[in-house]
Amino acid sequence: MNASRPVPRVPRLGVNIDHVATIRNARGGRHPDPVAAAKLAAEAGADGITAHLREDRRHIGDEDIARLSTEIGLPLNLEMAATDEMLAIALKARPHAACIVPERREEVTTEGGLDAARHHNHLAPMVRQLSEAGIRVSLFIEADEMQLEAARALGAPVVELHTGAYCHAALDGTAAERERLLERLRRGAAFGQKLGLEVHAGHGLTYDTVPPIAAIPGIAELNIGHFLIGEAIFDGLAPAIRKMRAIIEQSALAAKAV
Ligand code: PXP
């Protein structure tokens with residue numbers, strides 16, 4: 001299961017449904033149901049569902065993960081902190097993939113990449129146990145050579161490059177800053193593939209910021225959440241997912257045609 005997979009011509013789209021749960025939890029109760037959103041995302045063309053079970057359960061809860069593991073037809077990518085509690089949950093739920101992310105309770109969202117180099121000894125047994133359970137392990141890291149080499153040394157088959165800084169720069173930074181961060185992601189993606197890693201990317205992506213990321217050669221998967229759930233308020237979830245899919249496809253294929 002963890003053997004290397006062929007890179008798709010167009011990056012897969014993993015839809016992160018955390019913020020459906022954020023809205024549900026604002027009032028308690030069961031509506032809107034993230035599992036129903038996952039089913040709708042599947043119908044709209046999502047290739048996978050991503051959900052982050054945070055330590056404080058601020059959005060997705062344990063029952064959501066149990067239901068997402070059994071009730072949806074798409075691969076589940078469980079985002080998790082590197083803790084014993086999350087490891088036990090992942091080993092029980094057996095998602096298709098587990099993406100290990102850094103987590104601090106006080107942060108609004110996942111603010112930086114995992115320091116895979118510094119935490120090698122802590123991460124190594126987790127990567128091993130998840131892999132032995134047939135779960136495809138991914139590490140959410142910055143596009144940095146040292147971190148990519150650390151991911152490789154840990155035996156993780158996949159890395160997800162953090163696109164947050166690039167997306168912030170695209171909104172509030174200078175054109176030069178945006179280009180510098182984009183170039184860093186391009187180089188990171190190329191270096192990761194050279195090391196034999198499958199390269200994913202995500203965080204903060206929108207219709208405007210996704211095209212150059214989808215155009216990076218060899219990116220196999222993009223994980224997108226907050227923007228799609230926000231757009232669902234205006235357009236509906238299925239049209240937002242279809243539009244994002246179409247932009248990803250156009251951008252990836254146009255880059256290949258050059
Ligand atoms: N990838 C990872 C590893 C994440 O932690 C998140 C946020 O949960 C995402 C992708 C999706 O980010 P966003 O919700 O900003 O699209």
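Novice: Looking at this structure, I do not really get the packing of helix α10 (residues 226–235) against helix α11 (residues 237–257). What am I missing?
Specialist: A pair of packed helices can be characterised by two numbers: the angle between their axes and the separation between those axes. The interhelical angle for the contact between α10 and α11, taken along N-to-C directions, is 125°, at an axis separation of 7 Å. The angle between α10 and α11 falls in the class oblique. For α10 against α11, the interelement crossing comes out right-handed. Seen from α10, the contacting residues are F227, L228, I229, E231, A232 and D235; seen from α11, they are L237, P239, A240, I241 and M244.

Novice: Sorry if this is basic, but what is going on with helix α2 (residues 34–43) here?
Specialist: Residues that lie three or four places apart on an α-helix share one face, since the helix turns once every 3.6 residues. Listed as buried for α2 are P34, V35, A37, A38 and A41. Angularly, the buried residues of α2 cover 155° about the axis, an arc narrow enough to put them on a single face. For α2, the secondary structure elements touched by its buried residues are β1 (12–16), α1 (18–27), β2 (48–52), α3 (62–71) and α11. Looking at where α2 begins, the residue whose side-chain oxygen comes 3.0 Å from the main-chain nitrogen of V35 is D33.

Novice: Please explain unusual backbone geometry as it appears in this structure.
Specialist: Outside of glycine, negative phi angles account for most residues, and trans bonds account for most peptide bonds. Geometrically, the link from H31 to P32 is a cis peptide bond, its omega value of -5° lying close to zero. Its location among the elements puts P32 in the loop between α1 and α2. We note that R94 has phi near 50°; this positive angle belongs to a residue other than glycine. Its location among the elements puts R94 in the loop between α4 (84–93) and β4 (97–100). The backbone of H203 shows a phi angle near 110°, a positive value even though the residue is not glycine.

About the criteria used
- Residues numbered from 1 in each chain as written.
- Predicted model: local features only at pLDDT ≥ 70, side-chain atom pairs only at ≥ 80, totals over all residues.
- Heavy atoms only, no water.
- Axes fitted to C-alpha atoms, helices over the stretch in contact; angles between N-to-C directions.
- Helix = DSSP H or I, 4+ residues; strand = E, 2+ residues; numbered from the N terminus.
- Parallel < 35°, antiparallel > 145°, perpendicular 65-115°, else oblique.
- Left-handed = near helix turned anticlockwise from the far one by under 90°.
- Contact = heavy atoms within 4.5 Å.
- Buried < 20%, exposed > 50% of the residue type's maximum accessible area, 1.4 Å probe, protein only.
- Arc of directions from axis to C-beta.
- Polar contact = N/O pair within 3.5 Å; in protein donor to acceptor, adjacent residues only side chain to side chain.

Note that all results are geometric; they support no functional claim without further evidence.
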